[in-house]
Structures are given as C-alpha cells and as structure tokens.
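Examining the three-dimensional arrangement
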Amino acid sequence: MRTAASRLLAVRGRTAVLLLLAVLGALLAGAGPASAHAALTGSDPQQGVVVDKAPTDVSLTFSENVAMSDDSLRVLDPQGKRVDTGKNSAVGGATYRVPLHSGLPDGTYTVTYQVVSADSHPVSGAFTFSIGAPSATAASVPDQAAGGGFVGGLYGFARYVSYAGFILLAGGAAFVLGCWQRGAGVRPVQRLVVGGWLALTAATLALLFLRGAYTGSGKAADIFDLSLLGQVLQTKTGAALVSRLLLLAAAALFISVLFGAYVKRDGAVDEVTGDGAAEGRPPADGATAGRAAADGAAADGAVKAAGDGDGDSGDAAELAAERRDLTFGLSIGGIVVAAGLAASWSMAEHASVGIQPGIAMPVDVLHLLAVAAWLGGLCTLLVALYRAPAGQAVEAAAVRRFSRVAFGSVVTLAVTGLYQSWRQVGSWSALTGTRYGQLLLVKVGLVVLLVGIAYVSRRWTGRLSEAAAGRTAESVTAPADGNAGVRVDGNVTVPVKQRTSKPPKKRVAKLAQQRVPEPVKQRVAEPVKQQVAEKEPAAVSAGAGSADPRRAAQLARQRAAVATAREKRIRDADPHRSGLRRSVLAEAGVAVVLLAVTTVLTSTEPGRTQEEAAAATASAPQRSGPLSLTVPFDTGGEDGKGTVRLSLDPARVGGNDLHLFVERPNGKAFDVPEVKLAFTLKAKDLGPLPVLPDHIATGHWTATGVQIPMAGDWKIAVTVRTSDIDQTTVTKNAKIG
C-alpha cells in the first residue's frame, strides 16, 4: 500500500514539475525583447517634418540619460548611405546630437538610434524627416528590436539563472546558520548551496559575454568578440558583473568554511558532549550494528569516564564557545557577501535610476535579501524533507525557526514592495493600463497564493512539533524510584539513571560511581556483542569472504538499496512530516513561477516611465482620416456671402492633398477672384505657412503636397476675395497630425 502511494506521489510530483516548467517557458517566451526604461521624447528635426534647408546636426532627447557608442546614432540618405560624422555627444540633460555633413541634397532621411538606458536595458528605434520635399528611400532599419532574438533569449535565461542561483546560495546558507546548523553536514543541503554558487557564477560569466551582442548587433557571432567585451567592462553594468564575480570568490571561501571547518567543529563538540546522539544525529558510519556496538560498550565507557569527566566538560565548553564564535563570524561574513551580491543588481538596474535612487537602492537590497531568505530557505527545507537521510532528518525546532524567518521576510517584502510599486508605477491607471502594472498584479497574486500555502505549512509544523513533544515526553518518563532496569539476561539487571538535564559526561561519571562489579560488566558486554554479531546481515559475511569482486559489488549495491528503502520508509511513516513535505513542495512550485514573473518584470519598462514618455511624445492626438472644415464668409459686397468647404487628406505630418469648394448660401458652386490659405502653429511659433491652391473647376480649387511639418493644434486662415475691394479672412483651429 505504501509502495502504491509512493508511486502515485512520484507521478503527481513529475506532473507538477512539468506544468511548472511549461508555465516558466511560456513566461520567458512571452517576455519578448527587453522593454527599456528610457524612451525617446523628442528630436530635432522632428519625425516626419519637412525642412527648407539641410540641418547641421540631428539631436535626440530621451526620458533619462543613456549610454552611447560611435554607432549609436546614424543618419542615412535616400540611398541608404550614412551622412553623419559618427561623433555623437551629449548636449545637456538627456539630449544627444550627431553632426551631419554639409551640402545634403533634398529628399527623405532616416535617423536610427540604438542606446543603452541607465538601468542597463537597450533602446532602439528609427524615424524620418525630409529636406525640401519627401522622396522615396532605400534606407533599411533592422526588423529585430534591440535585446530580442536568439541572443536576447539567452540573456533573459541567464538573468533567470542568476536570480535562482543567488536565492539558493544566500537562502540555503541562511537556513543552515539561522535555523538548522546540523544541516551543514547533510550532503543534499551541501549540494544545493554549492549548486546555487555554481549557477550564479556561470550565469554571471554568460551575462558578461552576452552583454556586448545583447546591446549591440544581436548576432550570436559577436558573443565572444573581445573588443565588445572590453567595451562592456567600461560600462556600469560591466562593473557590476565584475564586482559580482569578485564577491562570488569570497562566497566560495565562505562555503568552504561552512561545509568544512564548521562541520568538523560541530562534530567535535557533539563527540565530547554527546549532543549528536541526544538530538537524533546518526553515528559516523550510520549503521545499526555500529549503534549496537556503542551501546554494548557503555559500561566500559562509564567506568573510564569516572576519572576524566571534569576534563571533558571543560573541553566541551571550550569547543562550544569556539563553535558559537565561528557561527557568529560566518553569519556576519555571509550577510556582508549576500548584501554585496544583491547590490550588484540594485546599482545597475531600475533602482539606480528614476526618483529617489538613494533610497531605492538600499530598499532593493533589502527586498532581494528577504526574497532569498524566504524562497532559498524554502528550497533548502524541501531538500531536507525529501533527501536528508532518516538519521539526519530536519528537526521540528528548525522548521519552527524557519517559519519565524519566513514571516519576517514576508513583512519585509510587503513594506519594500509597496515602496517599489509606488516608485515604478506611480498611478492607478499605470497599474492596469501598462504591461509593467499588469505583471506586478500577477506577482502580487502569486505572493498571496504563496503566503496562503505557507499558512498550511505552518499548521503542519505545529502538528509536527506537538508530535515530537509527545514522543519526547514518553521517552523521558521514568518509574517512581527514578531508575529503570535494563535486563541483559534472565538474572542480572543493571540500574541505569534516566536521562536528565545534566550534561552527558556528568551523567556518565555518576553512572561510573555506582562501581559496577567486573563480573557484571562482563555479563553485560558479552550478550550485547553476541547480539551485534547476530544482527549483521548474512550478505555482509558472504561478501567479505567472497573472492569474486563482481559478487561483492552486487552485494554492496543490494545493501545500499535496502538502506535507501529503509530510510524512505522511516520518512514516510510520519503523516505530519509527509503533509509538511507536500505543502512545502507546493510552495516551491509557486516560487518557481514567481521568480519567472519577477525576472520578466525587472526587464520591463516601468509604468511611470511609459506614461511620462507617452505624455511627452503625444503633443496632439493622432487622426485616423482626412480633415473636413466648413468655413462661412461674408465680404460685405455684392454676392459676398457663402461658405468654403475645406478637405485635407490625410491630415498628418508630411505631404497632404488640399481641396477647396466655394458655394453660395443656396449650395451652388461659384467662382471668386481669389482664395488662399495659411497655416500657423502658435505653440511652436511656426508660420504662417501660405498655400495658394490652383483653380480646376467652377468653385473648386486644389493643392497637392501641402506640407505639415509637425503635429499640433493648427490655426487655418482662409482668405476669400469676391471683388477688387471686398475681401475677408476667416480662421478655424484644427488638430493635425
């Protein structure tokens, strides 16, 4: 029955993992190119404008400072040839300019830009302007946006792996030092933390090599271009990645001490004090026979301890003090390294730009540390529950300590996340109307779900603690006289004092003072040794005496399989621990998806920036069709009343077709000596721009190629002359562009 249940649980676990990977893939695949924090808010000449003479330079204004190279700004003529000098410079604020060659001919010119925003994300785009009149152009711009394509996908995956590695490294080490110090000697926990270090190191190196191609050409062939790598090292992001590698070197030293000297020190203390056995720590060989042999030698050890009990107590106190000092030193060093690693993200991404960067960066570091303590500790607890040997199972007290750590982390995440949300979103409309706000709502929902599952885990922890307390109470219950008899054979009973709160060595010394007679010692030890010999599996003896190495290897594998099955049965026998494993597994699954959403969120343009850029660039709403106006006029003379119907198509920046129809009050068309127009944009002090239409039919005038240089609220002045002395000018305002 247990086997069927275990198989069903394994099938469900594999299904859950596959679903989580599918969701993760969908999130990363749907992320697309990295959305930039910076946005183009203006240019001179403006997009689509037609100028009378060639400008001497082209300038671009962004919503924040950007990093540029010599090829970041390019201006192409109608044949697609470059006409800029390639020497771009900062004008002031977030405005940058590139000079143009002199003597440019008329035609349509294309401006392309590819820069890196202050929060490390690439920005690219293009627009056109014309000199004299628009023309056909052969200039082409890349179809792939900056930060997209194969290189962009690799870069996004490396970012995810770097976050995951940091969480496992920092959170796993924090769980060991703060919640379960004996976990430092558990192999699965060691592999988890070391795996986090390896993942973070490999991802950081990958990001360093991918960075040049990611922000530049986007070609895979440029990944190992050393010249691009040299340029990356001179940027803020490159410096942050190099700093992260240096800190990872310090983290390697930290791990070696934690899983080396610290474990040895912990084992030495347990050997002297006996705490390892008291807390369920297995013997060195982990074998049942070894434990029986140790029990059989208890009488001899009791006699020997009588002479040196006080010395061992002093050694135990000294070793315990050294372990406390080492724990404190490792904790301080680990916090410093983890904070430095978190700062390598904060100083190069969203927190370093925008409003209040001096507050945002420390808050972001706290946010990352809280995420690592919660999710990294959760993953470590999951590994301990599923992979730790039965003799090294995580104690209920360690789970309770992690529950308190997780609660503090959630509170920290709530406070820091609320501040970051206000800073990056800025308004309720951006929360629902921008991609950043929508992803943030998804992240909040996942966090709420994670907290709900954590509440279930907390209840299982309480039940586990109650069960452990009940077992402890039963194990320390003694008869009325305070002694319990251990019967060796049918005749001799050796009185042994029940476990008390006294130190183990003192209890052993007191036991030795009972002066157990030598015959009794022999009668105690011999049956125990015989029992140990009987408990040895027959396979062990056969393997030891067999000369066939294949047979010996087969027997060794069988013994390992039996030991593994025994440990699994022990783990599965506790319903409270099984319930806790299932709830923690569900938490870890949600955490995987949450981390994917967070990775996409950090590469998405914040809602506040999106709205500010839209407000700066949208000086007037875009029209979807031709502009039609009806303008009544009255010159005051004979036959001086009527209306002018005006049609401007498509009523956008650039060339337009103009039609004028002059009609009498009864609707019939009639000719007038003269009709003309003028366009004025007062907001930009532009105009009046005169237009003289051609007469083509009765009451019908037309003009082609009417240039509207920029979008805005234009004043259209219509002048009608009905005689040599009768003339009037009527104005109308209209949004064009």
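Each remark here, short or long, concerns the structure printed above.
The residue numbering used here restarts from 1 in each chain and proceeds along that chain's sequence as written. Restriction of local features to residues with pLDDT of at least 70 applies here, the model being predicted, together with a cutoff of 80 or more for giving and counting side-chain atom pairs; totals for whole chains, interfaces and linings are based on all residues. The side-chain numbers reported here are obtained from all heavy atoms of the structure, hydrogens and water having been left aside.

Under the DSSP-based scheme used, a helix requires at least four consecutive residues in state H or I and a strand at least two consecutive residues in state E, with every element numbered from the N terminus. Looking at the element boundaries, Leu-226 is found in helix 4 (residues 226-233). Judged by relative accessible area, Leu-226 falls into the exposed class, the value being 61%. Sequence spacing of Leu-226 and Phe-209 is 17 residues, and the spatial spacing of their C-alpha atoms is 8.7 Å. Only protein chains enter the accessibility calculation, which uses a 1.4 Å probe. A residue is then buried if its area is under 20% of the maximum for its type, exposed if over 50%, and partly exposed in between.

Of all ten residues making up strand 19 (residues 712-721), eight are buried, and the element is well covered by its neighbours. The pairing of strand 15 (residues 674-681) with strand 19 spans seven bridges and is classified as antiparallel. Bridge pairing in strand 19 links Val-675 to Val-720. A pair of strands counts as paired when DSSP detects no fewer than two bridges linking them. Here strand 19 folds back onto strand 20 (residues 727-736) in antiparallel fashion, the turn holding five residues.

What follows is about a nonpolar patch on the surface. A contiguous nonpolar patch, built from Leu-205, Phe-209 and Phe-224 and spanning about 300 Å² of accessible area, is present on the exposed surface. Among the secondary structure elements, Leu-205 is positioned in helix 3 (residues 187-215). Each patch is assembled from residues with relative accessible area greater than 30% and no salt bridge, linking like charges that lie within 9 Å and nonpolar side chains (Val, Leu, Ile, Met, Phe, Trp, Tyr) that lie within 5 Å. In this description, accessible areas are obtained by the Shrake-Rupley approach with a 1.4 Å probe, and a residue is regarded as covered only by the protein chains that are shown. A pairing counts as a salt bridge when a side-chain nitrogen of Lys or Arg comes within 4 Å of a carboxyl oxygen of Asp or Glu.

Here strand 19 pairs with strand 20 via ten bridges, running antiparallel. Opposite Gly-712, over in strand 20, you have Ile-736 as the bridge partner.

Here the focus is the nonpolar core. Definition of nonpolar core: a set of buried residues of the types Ala, Val, Leu, Ile, Met, Phe, Trp, Tyr and Cys, connected through side-chain atoms within 4.5 Å. One finds Phe-166, Leu-169, Trp-180, Leu-258, Leu-381, Val-394 and Phe-402 to be the most contacted residues of the largest nonpolar core, which totals 65 residues. At the level of elements, helix 2 (149-178), helix 3, helix 5 (236-273), helix 8 (298-346), helix 9 (357-387), helix 10 (396-425), helix 12 (435-476) and helix 17 (575-602) are the ones that each hand at least two residues to this core. With twelve residues, helix 9 is the single largest residue contributor to this core. Every residue pair with non-hydrogen atoms within 4.5 Å of one another is taken to be in contact. Setting aside residues up to four positions removed in sequence, Trp-180 forms contacts with Phe-175, Val-186, Val-189, Ala-384, Gln-392, Ala-393, Val-394, Glu-395 and Ala-398. One finds Val-631, Phe-633, Phe-679 and Met-710 within the second-largest nonpolar core, a separate group that totals 29 residues.

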